[in-house]
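Single-letter residue listing:
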Amino acid sequence: MARWCYRHRLVVLLLWVGALFGLGFSASTAGTNYANVFSLPDTDSKSAYDLMEKAFPNTSGDTDTVVWKVDQGSVKDQAVRSRITPALDKIAKMPGVGAVTSPYAGKQGAAQISGDGRIAYAQLTFAKRANEVPKDLVQNVLDTAQAAERSGLHVELGGQAIQRVQEPPQGLSEMVGIVAAAVVLFLAFGSFFAMMLPIAIAVFGVGMGLFSTQLLSHTTDIPDIAPLLASLIGLGVGIDYALFIVTRHRRGILRGMDPEESVVTALNTSGRAVLFAGGTVCIALAGMLVTQLRFLDGVVIGTSLTVVLSVMAATTLLPALLGFLGPRVLSRRQRRKLAADGPEPERASGLAARWSTNVEKRPRRIAALALVVMAVLAIPVLSLRLGATDQGNDDASTTTRKAYDLLAEGFGPGFNGPLQVVTQTGDTTALVKGLESTPGVARVAALPPAQGVTVIQVVPKTSPQSKETDDLIDTLRDQVIPKAGAEAHVGGVTAVSKDFASVTGDRLPLFIATIIGLGFLLLLIAFRSLVVPLTAALMNLIAAAASFGVLVAVFQWGWGLDLLGLGKEGPINAFLPVIMLSLLFGLSMDYQVFLVSRMHEEWVHTRDNARAVRVGLAETSRVINSAALIMVCVFLAFVLSGDSGAAMAGVGLAAAVALDAFILRTALVPAAMHLLGNSNWWLPAWLEKRLPHLAVEPKEEAVEEPATDGPASAVHGFIRTADGEPVDGASVTLLSKGGRQLDRVTSLADGSYIVSVPAPGTYLLATTASSHGSRAAQVVVTDGPLVYDVELAEGEVDAVN
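Described below are features of the structure shown in this document. If you're wondering where the values come from, they're calculated on a predicted model, not measured in any experiment.

1. Quick word on the sheet that holds strand 4 (residues 153-158)
Think of a sheet as strands paired side by side through backbone hydrogen bonds, with each pair either parallel or antiparallel. Reading across the sheet, the four strands line up as 2-3-1-4 and stay open at both edges, with antiparallel pairing between neighbours. Single-partner strands in this sheet number two, and they are strand 2 (97-101) and strand 4. Direction aside, the axes of adjacent strands within the sheet are offset by 20 degrees on average. Pairing of strand 2 with strand 3 (residues 119-126) involves four bridges; the strand directions are antiparallel. Pairing of Val100 across the sheet is with Leu124, part of strand 3. Sitting on the sheet, helix 4 (residues 78-92) is in contact with strand 1 (63-70), strand 2, strand 3 and strand 4, with an inclination near 160 degrees to strand 2. In the packing of helix 5 (residues 135-146) onto the sheet, the strands contacted are strand 1, strand 2, strand 3 and strand 4, and the crossing angle to strand 4 comes to about 165 degrees.

Have a look at this one:
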């Protein structure tokens, strides 16, 4: 497939461009039809909503507020009333607005005016819940109310529906993330064309994913948060997948390969890993379905579709673009050096090789240090509290934040999240008295009953996101309502948020077990090992705990919130653990696949665990760290989105990817694999026979094994350092071209060695010493013994291909 795409690159490019523009045109013509279907069956808040919908079909929606304040005088002044009342009357007549409760309507309205007479509010009850109210209607309400402003009279609006029209412009976060990724790619590649390739792949993948999701919104329920999360994950994986393939291709050209053969090799190695990694991300995302939270179904569809299209772009469009570039995928300096000095030898050197050697020498120390760092970062997760942030977390310039602050100033923080106690039977009078006498309740007001249903507004003394309000809801449900002898349910936005947090917390263990189990099975089949997938599962849990610890420290404890400009501290959004864990497990599995697949490739050839871990880490750590740095930049850019949920997800995922790549995959995983030795690759024989074969690495091409009936021979010589010193105890392994071990010896005190050769032919001689680097080279044995001396240099690793 890679060769076909390379040779027919113009056709492939035109097909992708045509598909992108075609989908874009169709999506722009059809428009959007996102639906935030949010339902929590078998919860107390859902029972309250159902009763309200039955009794008050036009007022069962969420309640928003219009708040106004005068600098001087009172809101009761005729000059103020003459401007506010017509605006409220006009809003009340709008289709979709169920009722408007004005402070100027009789004695009941007097409670809607603050004690000092300077702040008042009106309640707007929509016919539907906030996520179902059309944005055009909300914008019309906002414009009508704010048109009543004048000098000395400030009008602001708050509530869930109003918040939806205060969203910042789309695209800013994505653009900042792409620019940051471009800088990292240019520093990594040193070539403008190579830098543009991963960005182009990400743009095609994300663009087609978003357009497809927009079209699918007309046929199924997809929430409006799905495109944001799809672009977040799509940019990250699209750039990363292309980066892995381009890096392998560039290395092939530097080794003297023809560009076409280099592309084929890159796709047949790194491209296979990309396919496998993309599959693991989609499986991790699909794990959200086990929570049975319906609004997450659309998130799974949007994000998974974007990942699939990013993988398709990386495995078909990328070979075509590489065909257009040819050698220009290298920097000018690299092309000049290649022309002057010829191909580079197949070895990994520099910082990556030196670090790989250090990990092999000190695995216990490095593993212990990495574990301590992750454990310290995970400590705050013990204080994790799920809930919902309120509009006090909005930007200080938004009307929702201003309305929130005005209500808190005039009536107390509880006015920003009233509870609705809905009852159909029992003594309502006793229930009202019980509610009024409950500690933590600021105000109780019973609305006139309808169809046997009574709604009692309960205003807490504390803000909607505070723990005290959660405790008050429990007290009402468990003590106050049963004591009054009434069958009542506690509803409202605050109660819904609390119930959602409880449901999510209850289903989280099943969700985590599902995605860990699926990831374990995939790695078990791919790497034919029990220890590798077990290690990966444990590392994923460690990464999740540490990243959520960072999240709690920043957003719940408030460390660094002022620096990020994200308002005040509060609980962690209840939906975030499910979404974040899906993305985290998928992305961390990517890095595990890329790292271990290279180690496994080396293990298959040499059966030397120390060498396999050392070579795999030396060759992949640099590209994994570059890919992680790009993802961190993309995720952190979503702090600029202005949406607290997106900012929380961005910071959490950035921390998770950074910890996973820079600490776990670069230090803890290889150190643990050195300590475990050959048991890394252990698999019971009975299980080996029953497992299907799913190879991440390409299948070995048929190789001509040496004839066994020819004259036996030998390879002998000395193992020395660059200074000519003999190397004692070096391991020398002779392998066939197919990777089968034929002989293995240890060098003597003078550095000498001798391995037996079954017959004339071409073999691979691999030499490794714990205190030095490694060297692997092909040797050709003819009729007699071959003299071959090996020079080992510290911090240098040859690759076996």
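Moving on, there is more to tell.
2. Structural notes on the nonpolar core
Of all hydrophobic cores here, the largest spans 149 residues; its most connected members are Tyr241, Met288, Tyr591 and Phe635. Examining the composition of this core, we find that 17 residues originate from one element, helix 21 (residues 576-606), more than from any other. Counting residues in hydrophobic clusters, the runner-up holds 30 residues, among them Val66, Val97, Leu142 and Ala161.

3. Examining helix 2 (residues 9-30)
Across its 22 residues, helix 2 extends 31 Å between first and last C-alpha, which sits within 8% of the 32 Å expected from 1.5 Å per residue. All of the buried residues along helix 2 are Val12, Trp16, Leu20, Leu23, Gly24 and Ala27. Looking straight down helix 2, one finds its buried side chains confined to an arc of 100 degrees; they lie on one side. The exposed residues of helix 2 that point more than 90 degrees off its buried face are Leu10, Leu14, Leu15, Phe21, Phe25 and Thr29. The elements touched by buried residues of helix 2 are helix 1 (2-7), helix 8 (192-216) and helix 11 (295-325).

4. Thoughts on helix 14 (residues 363-378)
Helix length check: helix 14, at 16 residues, gives a terminal C-alpha distance of 22 Å against a target of 22 Å (1.5 Å per residue), a fit within 8%. Every buried residue belonging to helix 14 is among Pro363, Ile366, Ala367, Ala370, Met374 and Ala378, and all of these are buried. Along the axis of helix 14, the buried positions cluster into a sector of 100 degrees, meaning they face one direction only. In helix 14, the exposed positions that point more than 90 degrees away from the buried face belong to Arg364, Arg365, Leu369 and Val372. In this structure, the buried residues of helix 14 make contact with helix 13 (351-361), helix 19 (531-556) and helix 23 (644-676).

5. Re the sheet that holds strand 13 (residues 731-735)
Strand order in the open sheet made by the four strands is 14-13-16-17, with antiparallel pairing throughout. This sheet does not close on itself; its edge strands, each paired only once, are strand 14 (741-746) and strand 17 (774-781). If you compare each strand with its neighbour and ignore which way they point, the axes differ by 20 degrees on average. Packed on one face of the sheet, helix 22 (residues 609-636) meets strand 16 (761-768) and strand 17 and runs near 110 degrees to strand 17.

6. Remarks on the packing of helix 21 against helix 23
Running from N to C, helix 21 and helix 23 point in directions that differ by 30 degrees, and their axes come no closer than 10 Å. In terms of orientation, helix 21 and helix 23 fall into the roughly parallel class. The hand of the helix 21/helix 23 crossing is right-handed. Counted together, Leu576, Met580, Leu583, Leu584, Leu587, Ser588, Tyr591, Gln592, Leu595 and Met599 of helix 21 and Met648, Ala649, Gly652, Leu653, Ala656, Val657, Asp660, Ala661, Arg665, Val669, Pro670 and Met673 of helix 23 form the full contact between these two elements. Residues that form the contact of helix 21 with helix 23 fall into these classes: 17 nonpolar, three polar and two charged.

7. Observations regarding the environment of Gly751
Within the secondary structure, Gly751 is located in the loop between strand 14 and strand 15 (752-757). Classification of Gly751 as buried rests on a relative accessible area of 0%. For the pair Gly751 and Phe638, spaced 113 residues apart in sequence, the C-alpha to C-alpha distance is 58 Å. If we skip the residues at most four places from it in the chain, Gly751 touches Gly717, Phe718, Ile719, Pro726 and Val727.

8. Regarding the side chain of Thr400
Summarising the element assignment, Thr400 is placed in helix 15 (residues 399-411). Dropping the residues within four chain positions of it, Thr400 is found in contact with Leu157, Gly158, Gly159, Ile162, Gln163, Gln166, Gln391 and Asp394.

9. Quick word on the pattern of salt bridges
Taken as a whole and assessed by the stated rule, the structure comprises 17 salt bridges. As a salt-bridge pair, Arg401 and Asp405 come within 3.2 Å of each other at their nearest N and O atoms. Remark: Asp405 and Arg401 occur in helix 15; sequence separation between them is four residues, near one turn of the helix. Across the pair Arg744 and Asp608 runs a salt bridge whose closest N-O atoms are separated by 3.7 Å. Pair noted here: Arg744 is in strand 14 and Asp608 is in the loop between helix 21 and helix 22, with a separation of 136 residues, a long-range link. The exposure class of Arg744 is partly exposed, given its relative accessible area of 38%. Looking at Asp608, the relative accessible area reads 11%, which means it is buried.

10. Brief notes about a positive patch on the surface
Among the surface-exposed residues, Arg332, Arg333, Arg336 and Lys337 lie close enough to one another that they form a single positively charged patch. Positionally, Arg332 belongs in helix 12 (residues 332-341).

11. Focus: the state of the cysteines
As enumerated under the stated definition, the model contains zero disulfides in all. In this model Cys5 remains outside any disulfide bridge; the closest cysteine sulfur is found in Cys282, 20 Å from its own. Cys5 gets classed as buried once you look at its relative accessible area, which sits at 4%.

How each quantity is defined
Residues numbered from 1 in each chain as written. Predicted model: local features only at pLDDT ≥ 70, side-chain atom pairs only at ≥ 80, totals over all residues. Heavy atoms only, no water. Pairing = 2+ DSSP bridges. Helix = DSSP H or I, 4+ residues; strand = E, 2+ residues; numbered from the N terminus. Axes fitted to C-alpha atoms, helices over the stretch in contact; angles between N-to-C directions. Contact = heavy atoms within 4.5 Å. Core = buried A, V, L, I, M, F, W, Y, C linked by side-chain atoms within 4.5 Å. Buried < 20%, exposed > 50% of the residue type's maximum accessible area, 1.4 Å probe, protein only. Expected span 1.5 Å × (residues − 1). Arc of directions from axis to C-beta. Parallel < 35°, antiparallel > 145°, perpendicular 65-115°, else oblique. Left-handed = near helix turned anticlockwise from the far one by under 90°. Nonpolar A, V, L, I, M, F, W, Y, C, P; charged D, E, K, R; others polar. Salt bridge = Lys/Arg side-chain N within 4 Å of Asp/Glu carboxyl O. Patch = residues over 30% accessible without salt bridge, like charges linked within 9 Å, V, L, I, M, F, W, Y side chains within 5 Å. Areas by Shrake-Rupley, 256 points an atom, 1.4 Å probe, with all protein chains shown as cover. Lys, Arg positive; Asp, Glu negative; His and termini not counted. Charge placed at Lys NZ, Arg CZ, Asp CG, Glu CD. Disulfide = S-S within 2.5 Å.

Any functional reading would require information that these geometric values do not contain.
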